Amino acid sequence: MGADDAGQGNDTLARLAGVIETRRAADPATSYVARLFDKGPDAVLKKIGEEATEVVMACKDGDRQRIVAEVADLWFHTMIALAGHGLAPADVLTELERREGLSGLEEFAARKMKSRERDGT
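### Thoughts on the overall build of the protein chain
- For the protein chain, the helix and strand inventory stands at 6 helices and 0 strands.
- Starting at the N terminus, the α and β elements of the protein chain follow one another as α-α-α-α-α-α.
- Its C-alpha atoms put the protein chain at 45 × 40 × 30 Å along the principal axes.
- Expressed as a percentage of its 121 residues, the buried residues of the protein chain come to 21%.
- Sequence-distant contacts in the protein chain: of pairs separated by 6 or more residues, those separated by 24 or more amount to 46%.
- On the protein chain, roughly 8800 Å² of surface is accessible, and the fraction owed to carbon and sulfur atoms is 57%.
- Between the centroid of the 17 positive side chains of the protein chain and the centroid of its 22 negative side chains there is a distance of 5 Å.

Here it is in structure tokens:
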């Protein structure tokens, strides 16, 4: 995936976030997104759990098309959760960019240390 592809992905996520915000205020009888928001945060979290499990099962089966479809569902529902907290895909992308070039082990250790400092342990 080239730099142009990444930019297009960012644009797609931003557009989808806009659609989610628009549909959030729609009639729950006619909009899936509005219905999820209307049911409350636990409904969104339940969907994320379901979709994550479906990603795991698709990966275990090795069905590439199904993996992509299930990850798309997971991302979509995760974006609904982000919107529910006043966050956007750009916030996640900023965090990923912050982590770019860091060793995964170093990044994990830094988060663990920060958590200990916050908890006073």
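### Here we look at the packing of helix α3 (residues 41-61) against helix α4 (residues 64-84)
- Relative to each other, α3 and α4 sit at 160°, their axes nearing to 8 Å. For the element pair α3 / α4, the angle class is roughly antiparallel. Considering only the axes of α3 and α4, their crossing is left-handed. For the pair formed by α3 and α4, the contact residues are V44, K47, I48, E51, A52, E54, V55, M57, A58, C59 and D61 on the first element and R66, I67, E70, V71, D73, L74, H77, T78, I80 and A81 on the second.
- Residue composition of the contact of α3 with α4, grouped by class: 12 nonpolar, 2 polar and 7 charged.

### A word on the packing of aromatic side chains
- Within this structure, the stated rule accounts for 0 aromatic pairs.
- One cation-aromatic arrangement involves R24 over F37; the distance from NZ or CZ to the ring centre is 4.4 Å.

Analysis parameters
- Residues numbered from 1 in each chain as written.
- Predicted model: local features only at pLDDT ≥ 70, side-chain atom pairs only at ≥ 80, totals over all residues.
- Heavy atoms only, no water.
- Helix = DSSP H or I, 4+ residues; strand = E, 2+ residues; numbered from the N terminus.
- Buried < 20%, exposed > 50% of the residue type's maximum accessible area, 1.4 Å probe, protein only.
- Contact = heavy atoms within 4.5 Å.
- Areas by Shrake-Rupley, 256 points an atom, 1.4 Å probe, with all protein chains shown as cover.
- Lys, Arg positive; Asp, Glu negative; His and termini not counted.
- Charge placed at Lys NZ, Arg CZ, Asp CG, Glu CD.
- Axes fitted to C-alpha atoms, helices over the stretch in contact; angles between N-to-C directions.
- Parallel < 35°, antiparallel > 145°, perpendicular 65-115°, else oblique.
- Left-handed = near helix turned anticlockwise from the far one by under 90°.
- Nonpolar A, V, L, I, M, F, W, Y, C, P; charged D, E, K, R; others polar.
- Phe/Tyr/Trp six-rings, centres within 6.5 Å; stacked < 30°, edge-to-face > 60°.
- Lys NZ or Arg CZ within 6 Å of the ring centre and 35° of its normal.

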